[in-house]
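These are the residues of each chain, in order.
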Amino acid sequence: MQYRTLGRTGVQVSTLALGAMNFGAIGRTSQDEATAIIDAALAGGINVIDTADRYSQGESEELVGRAIAGRRDDIVLATKATMPMGDERNHQGSSRRWLVTALDDSLRRLGVDHVDLYQIHRWDPTTSDEETLSALTDLQRAGKIRYFGCSTFPAYRLVQAEWAAREHHLGRYVTEQPSYSILQRGIEAHVLPVTAQYGLGVLAWSPLASGWLSGAVRAGREISTHRADVLPQRFDLTIAANRARLDAVEQLAKVADGAGLTLIQLALGFVTAHPAVTSAIIGPRTMDHLRSQLAAADTVLTADVLDAIDAIVAPGVDLAPDEKHDTPPALLDPALRRR
């Protein structure tokens, strides 16, 4: 396993981080299975566990908390808030009112008195940067969080948050957690240059592109992944974008074979090769998934392999632009662009 410094924090983290989204109802993962995966991940050198209150409505945090009992200080523990937790309208967002409550709920579920990294799961357009950063700064000073970051923020929102922190003398985000893979390279154009400019650590999620780069999605083969069962439209080959992804996967598989790598090693090695990326978050649902992904821990891609990838999916290109999660509200809400 390789280790890198998380932004400007001085904290050393593994280049593969364990994502816990599949723990609980989402991935149909039991406590015993989650504990076994965490045990094996830690034994393999991973020292970051990333979860969120939203994952299975808190169940993921509970499973993680029970699995890490007695060894909490050996782990860089990260969780997130902002996504809706139930039907109550104020049980979401990044207001001070909700973040204070949401963090206490997460700490209780995790069975700890602090988390190392508390992240705003999505940008909340209804709450000012000053409000959010002020609440996070106070929670940090109270000792409940060590650092705070954000997830899936557009580049301009990262800049705005940086300005707000300086203008109001508040703590600043130290990390960004974007979606990034060979098939979704859009953040190379704007987000990653901004995180590099401001010294943010980057924890990339979905480096296997929701399973497209796991080796399970190939031409002429029935797609039977768990993700395809949950989100069938993302794998429907009657959709042009999905056919384009499949074509890219077939070409990438040839590159991997020529380099003596699995497709998973190619995919994870690509993400961690970017100088702005700190860690790639893997989200195994089974021990077999974990083993195949841990095999990429020391993968370093050569220049000719990286050039071959660029020839298949050009830098800055998203092959599934409709699956982006950082589209500005002005493009999603007609009321913001029409009189």
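Residues numbered from 1 in each chain as written. Predicted model: local features only at pLDDT ≥ 70, side-chain atom pairs only at ≥ 80, totals over all residues. Heavy atoms only, no water.

**Thoughts on unusual backbone geometry**
As a rule of thumb, non-glycine residues mostly have phi less than zero, and peptide bonds are mostly trans rather than cis. Under the convention used in this document: Working definition: with a 1.4 Å probe on protein chains only, accessible area under 20% of the residue-type maximum means buried, over 50% means exposed, and in between means partly exposed. Secondary structure elements are taken from DSSP: a helix is a run of H or I of four residues or more, a strand is a run of E of two residues or more, and numbering for both begins at the N terminus.
Look at His-169: it is not a glycine, yet its phi comes out positive at around 55 degrees. You can call His-169 exposed: its relative accessible area is 69%. The phi torsion at Ala-209 lies on the positive side, around 55 degrees, for a residue other than glycine. Mapped onto the elements of the fold, Ala-209 is located in the loop between strand E9 (201–204) and helix H7 (226–230).

**Here we look at the packing of helix H2 (residues 59–67) against helix H3 (residues 96–110)**
Packed helices, taken two at a time, are described by their axes: the angle between them and the distance between them. Convention followed: In this analysis, axes come from line fits to C-alpha atoms, helices being fitted only over the stretch in contact, and the angle between any two N-to-C directions falls in the range 0 to 180 degrees. Oblique is the label for any angle not under 35 degrees, not over 145, and not in the 65 to 115 range, which are roughly parallel, roughly antiparallel and roughly perpendicular in turn. Any pair of residues with heavy atoms lying within 4.5 Å of one another is described as a contacting pair.
At a minimum axis separation of 7 Å, H2 and H3 run at an interaxial angle of 45 degrees. Relative to H3, H2 is oriented oblique. Across the interface between the two elements, Glu-61, Glu-62, Val-64 and Gly-65 from H2 touch Ser-106, Arg-109 and Leu-110 from H3.

**Brief notes about helix H9 (residues 263–273)**
Summarising burial for H9: 10 of the 11 residues are buried, a large majority. Turning to H9, its buried residues number three or more, namely Leu-263, Ile-264, Gln-265, Leu-266, Ala-267, Leu-268, Gly-269, Phe-270, Val-271 and Thr-272.

**Looking at the nonpolar core**
Buried together is how nonpolar side chains tend to be arranged in soluble globular proteins. Applied cut-off: For the purposes of this section, nonpolar cores are sets of buried Ala, Val, Leu, Ile, Met, Phe, Trp, Tyr and Cys residues that join through side-chain atoms within 4.5 Å.
Counting 88 residues, the largest nonpolar core has Leu-183 and Leu-266 as the members making the most contacts within it. Here this core takes seven residues from H9, the largest share from any one element. Aside from chain neighbours lying at most four places away, what touches Leu-266 is Ile-182, Leu-252, Val-255, Ala-256, Leu-261, Leu-301, Val-305 and Ile-309. With 10 residues, the next largest nonpolar core counts Leu-6, Ala-17, Leu-117 and Leu-203 among its residues.

**Section: helix H6 (residues 191–198)**
Quick reminder of the rule: This arc corresponds to the set of directions leading from the helix axis out to the C-beta atoms.
Of all the positions in H6, only Val-191, Leu-192, Val-194, Thr-195 and Tyr-198 are classed as buried. The buried residues of H6 all sit within an arc of 160 degrees when viewed along its axis, so they share a single face. The exposed residues of H6 that point more than 90 degrees off its buried face are Ala-196 and Gln-197. Contacts made by the buried residues of H6 are with helix H5 (155–167), strand E8 (175–177) and E9. Of the residues flanking the end of H6, it is Gly-199, one or two places downstream, whose phi is positive at about 70 degrees.

**Things to note about the sheet that holds strand E10 (residues 279–282)**
Under the convention used in this document: Should DSSP find at least two bridges between two strands, the strands are taken to pair.
With respect to topology, eight strands assemble into a closed barrel ordered E3-E4-E5-E6-E7-E8-E9-E10, the strand pairing being parallel. Sheet twist, expressed as the mean angle between neighbouring strand axes with direction ignored, is 30 degrees. For E8 and E9, the ladder comprises two bridges, and the chain directions are parallel. Along E9, the bridge assignment pairs Glu-176 with Val-202.

**A closer look at the environment of Leu-107**
In this structure, Leu-107 sits in helix H3. Residue classification places Leu-107 among the buried residues on the basis of a relative accessible area of 8%. Considered as a pair, Leu-107 and Ala-244 are 137 residues apart in the sequence and their alpha carbons are 43 Å apart. With residues up to four places along the chain from it excluded, the contact list for Leu-107 reads Val-112, Asp-113, His-114, Val-115 and Lys-144.

**Some thoughts on the pairing of E9**
Heads up, the condition is: We call a crossover right-handed when, viewed with both strands directed away from the observer, the connection leading from the first strand over the helix to the second proceeds clockwise.
Of the two faces of E9, both are covered, the one formed by Gly-201 and Leu-203 as well as the one formed by Val-202 and Ala-204. Regarding topology, H6 serves as the crossover connection from E8 to the parallel E9, and that connection is right-handed. The sheet contact formed by E9 and E10 spans two bridges and is parallel. Across the sheet, residue Ala-204 finds its bridge partner in E10, namely Ala-280.

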